[in-house]
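# Geometric and topological summary
Here is what each chain is made of, one letter per residue.
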Amino acid sequence: MYIDTEGSFMTDRLIDMAIAAVSLVVLDSATFHFRQAFPDAGQRARLMTAMAQQLAALAEQHGVAVVMMNQALVRDVLRAIQVQMHLYEPHELLDLAEAAVQLARPSQLWMQAWMGALLPYMKQLQLGQLARAGAALLAYGGNPSKPWAGLWFVALQGHCRVVDLPELQQLLALLESYGPQVLEPEGVDELLVQCHVNYSRLTPQDMLRLLGLLAGSQTRPNNIWWQGFLSTLQMQLPVLTPAQLVIALASMCEMGGRPPQAWLASHETALLNTNSRAPSDEALSPKGWLLLLECYSQLMYRPTADFEGALERYCLGVLPGLGPQALASLVSSAARLQLPLSPQLEDAIITRLEQVRHAMIC
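Since the structure is predicted, the reported quantities are computational estimates derived from the model, not experimental observations. (Residues numbered from 1 in each chain as written. Predicted model: local features only at pLDDT ≥ 70, side-chain atom pairs only at ≥ 80, totals over all residues. Heavy atoms only, no water.)

### A word on the nonpolar core
Membership of the largest hydrophobic core comes to 92 residues, with the highest contact counts inside it found for Trp110, Trp114, Trp148, Leu210, Phe229, Leu292 and Phe307. Once residues lying within four places of it in the same chain are set aside, the contact partners of Trp114 are Met85, Leu93, Leu94, Ala97, Ala133, Leu137 and Trp148. (Core = buried A, V, L, I, M, F, W, Y, C linked by side-chain atoms within 4.5 Å. Buried < 20%, exposed > 50% of the residue type's maximum accessible area, 1.4 Å probe, protein only. Contact = heavy atoms within 4.5 Å.)

### Some remarks on helix H8 (residues 165-178)
An α-helix turns once every 3.6 residues. As a result, residues three or four positions apart point the same way. When the terminal C-alpha atoms of H8 are compared, their 20 Å separation across 14 residues agrees well with the 20 Å that a helix rising 1.5 Å per residue should span. Buried residues of H8: Leu165, Leu168, Leu171, Leu172, Leu174 and Leu175, and no others. Each element contacted by the buried residues of H8 is listed here: helix H6 (127-140), helix H7 (146-158), helix H9 (185-197) and helix H10 (204-216). At the exit of H8 stands Gly179, carrying a positive phi of roughly 90 degrees. (Helix = DSSP H or I, 4+ residues; strand = E, 2+ residues; numbered from the N terminus. Expected span 1.5 Å × (residues − 1).)

### A look at the packing of helix H4 (residues 90-103) against helix H5 (residues 108-118)
The packing of two helices is summarised by the inter-axis angle and the distance between the axes. Look at H4 against H5: their axes get within 10 Å of each other, and the N-to-C directions meet at 160 degrees. If you check the angle between H4 and H5, you find them roughly antiparallel. Both H4 and H5 take part in a crossing whose hand is left-handed. Side by side, H4 and H5 meet where Pro90, Leu93, Leu94, Leu96, Ala97 and Ala100 of the first sit next to Trp110, Trp114, Ala117 and Leu118 of the second. Grouping the amino acids of the contact of H4 with H5 by side-chain chemistry returns 10 nonpolar, no polar and no charged. (Axes fitted to C-alpha atoms, helices over the stretch in contact; angles between N-to-C directions. Parallel < 35°, antiparallel > 145°, perpendicular 65-115°, else oblique. Left-handed = near helix turned anticlockwise from the far one by under 90°. Nonpolar A, V, L, I, M, F, W, Y, C, P; charged D, E, K, R; others polar.)

### Regarding the side chain of Ser297
Within the secondary structure, Ser297 is located in helix H14 (residues 286-298). In this structure, Ser297 is in contact with Arg336 and Leu337, ignoring residues within four places of it in sequence.

### Section: the environment of Ala215
With respect to the helices, strands and loops of the structure, Ala215 is situated in helix H10. Exposure remark for Ala215: the relative accessible area of 10% places this residue in the buried category. In the structure, Ala215 is positioned 35 residues away from Ala250 in sequence and 9.1 Å away in space, judged by C-alpha atoms. The contact partners of Ala215, leaving out residues within four places of it in the chain, are Ser251, Glu254 and Met255.

### Quick notes on the packing of helix H13 (residues 261-277) against H14
Running from amino to carboxyl end, H13 crosses H14 at an angle of 165 degrees, the nearest separation of the two axes being 13 Å. By the angle between their axes, H13 is roughly antiparallel relative to H14. For the pair H13 and H14, the sense of crossing is left-handed. Only Trp289, Leu292 and Tyr296 of H14 make contact with H13, whose side of the interface consists of Leu264, His267, Glu268, Leu271 and Asn275. When its residues are assigned to classes, the contact of H13 with H14 shows 5 nonpolar, 2 polar and 1 charged.

### Quick look at the packing of aromatic side chains
According to the stated counting rule, one finds 8 aromatic pairs in the structure shown. Aromatic side chains Trp114 and Trp148 sit 6.2 Å apart centroid to centroid with 40 degrees between the ring planes, which places their arrangement in the tilted category. Taken as a pair, Trp114 in helix H5 and Trp148 in helix H7 lie far apart in primary sequence, 34 residues in all. Comparing Trp114 with Trp148, the two get one shared label, buried. Through a chain of ring-to-ring contacts, three or more aromatic side chains come together here, namely Tyr199, Trp225, Trp226 and Phe229. (Phe/Tyr/Trp six-rings, centres within 6.5 Å; stacked < 30°, edge-to-face > 60°.)

See the structure below:
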């Protein structure tokens, strides 16, 4: 049993702990609340003594071990672990790193000792264990040594041939955090093959992660892969948020992909539907609208009259806050797409351009 008084415990570890019978009670930390608003030192001492006696009685009555921790004790424990780091098994090292990052920020020397102890096991780690190791380093905020990072990347590369869906999704999430540069082109190719086999089982978030991976890498998929990807993503467009729809299109433009006009029509329909239903804080931002116009312009897609109406309502609402670059982007994209502007919108744009010019002169 783990009693967390500071709200820092990793809740996803509770499932593992709940499976086993309780034989250990850990109170972390024993002194946290006693350090808050206790001007009476005598009362604080009496309460802490009573709590210790109650825990001792609990231990004797139920035959369990009770550990009371405080922040000073955690640092002492970490120092003791650092000396014996090489004695731990890989799964124990991962548990230690996660706990250390959560309980008390470990020192740089502690993390170096941890990386050194895990290094010989790197090629044996499963994908989930590699993900945990990488997540621990990200949470710590430190940079791994070159030998450690090199072996981690090689081990990760070997898992690009995975066939299990949860591992594939885990790999996509991991690459989203670290970026596609951690994989060699061969690794990306292997990953694309696995995604092609599992298209129908990937979630919309998985598809967006995959698209981001492609946009950030030098790999360009073949036509069969691309058509399969577009078909799957087209079915998922209605469940994406307005921002996700724009990000998906921008990623395609970045990687040089050109969806067919029918796909872009589905994209426009999904965008108009979701943006009209989305709460105000999730609706498309001014930057999102401008990026969307640039993407449609780059892909030579002529939006429908419904889109033109939504765009005009948006422009009239945000024009007073647009700067010179945003205005230039709006006007040039509308011109390339040959979007008709109402006299009201044209007058509003001209007025805003004059305001911007005057402000620059002054």
